[in-house]
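Chain by chain, the residues run as shown.
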Amino acid sequence: MKMKFWFFALTFLYLSVETVHAQQSEEKRIRIELTVKTNNGQVAALIRSFTVSYNRALNAPQDTVNGKPAQTESPRGHYLSADFEKQNIPVLQAFMKNKKGLDGEITVTDAFGKLPGRKIVFKSAVLETMNDQVTGDYGSAFMTLNCEELVIDDVKLEY
């Protein structure tokens, strides 16, 4: 009876440790990297998550007289938000130095090679909003980019 107890106890302990280890390694499994092209080369940063937002109405403004789509010099309506663990100063500096917009991409890769990769390409992105939060044990930075063009896995978002 004692042998069965110790067998089940050790098995339970082993499975518990393996489950915790698997959960921790799962967190590091996905790598998301933001890269922007500057005049001096490229600047890259790891991000926790990103969000893509597309607004067709902003891309095709209506002519108030004829009701037809109006021609605009720079249609926008493509938003890309990135969540950083902490503020990335080189990326922030790149956007502050270039008011006309930067080109770049976000790549998502699976360290185990089991999930398909993702690639989001953006053109003429300008920093629209930025939040930076720091507490005693937590830090987070959030940037929203307004892009002239956005391509998600080879699909161009356009009106």
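Residues numbered from 1 in each chain as written. Predicted model: local features only at pLDDT ≥ 70, side-chain atom pairs only at ≥ 80, totals over all residues. Heavy atoms only, no water.

Engineer: Break down the overall build of the protein chain for me, with residues and values.
Structural biologist: Broken down by element type, the protein chain carries three helices and nine strands. When the helices and strands of the protein chain are listed from N to C terminus, the series reads α-β-β-β-α-β-α-β-β-β-β-β. Counting over 159 residues, the protein chain shows a buried share of 30%. By sequence separation, contacts in the protein chain at least 24 residues apart represent 65% of the contacts at least 6 residues apart. Total accessible area computed for the protein chain in this model is approximately 11,200 Å², and 56% of it derives from carbon and sulfur atoms. (Helix = DSSP H or I, 4+ residues; strand = E, 2+ residues; numbered from the N terminus. Buried < 20%, exposed > 50% of the residue type's maximum accessible area, 1.4 Å probe, protein only. Contact = heavy atoms within 4.5 Å. Areas by Shrake-Rupley, 256 points an atom, 1.4 Å probe, with all protein chains shown as cover.)

Engineer: Let's hear about the side chain of Arg29: which residues, and what values?
Structural biologist: Structurally, Arg29 can be placed in the loop between helix H1 (2-27) and strand E1 (30-38). Polar side-chain contacts of Arg29 include one of 2.7 Å to the side chain of Asp110. Leave out the neighbours within four places in its chain, and Arg29 touches Thr109, Asp110, Ala111, Phe112, Lys114 and Leu115. (Polar contact = N/O pair within 3.5 Å; in protein donor to acceptor, adjacent residues only side chain to side chain.)

Engineer: A description of unusual backbone geometry should follow, citing residues and the corresponding values.
Structural biologist: The backbone of Ser124 shows a phi angle near 50°, a positive value even though the residue is not glycine. Structurally, Ser124 can be placed in strand E6 (residues 118-134). A positive phi is found at Asp154, a non-glycine position, where the angle reads about 70°. For Asp154, the location among the structural elements is in the loop between strand E8 (149-152) and strand E9 (155-156). Using a relative accessible area of 77% as the deciding quantity, one classes Asp154 as exposed.

Engineer: I'd love a proper account of the pattern of salt bridges, names of residues and values included.
Structural biologist: This structure, assessed with the given rule, holds six salt bridges. Of the charged contacts in the structure, one is a salt bridge between Arg29 and Asp110, with a shortest N-O distance of 2.7 Å. Here the residue Arg29 occupies a position in the loop between H1 and E1, and Asp110 occupies one in strand E5 (residues 102-110), the gap between them amounting to 81 residues. Of the two residues examined, Arg29 and Asp110, each falls in the buried class. Note that Glu149 and Lys156 form a salt bridge whose closest N and O atoms lie 3.6 Å from each other. (Salt bridge = Lys/Arg side-chain N within 4 Å of Asp/Glu carboxyl O.)

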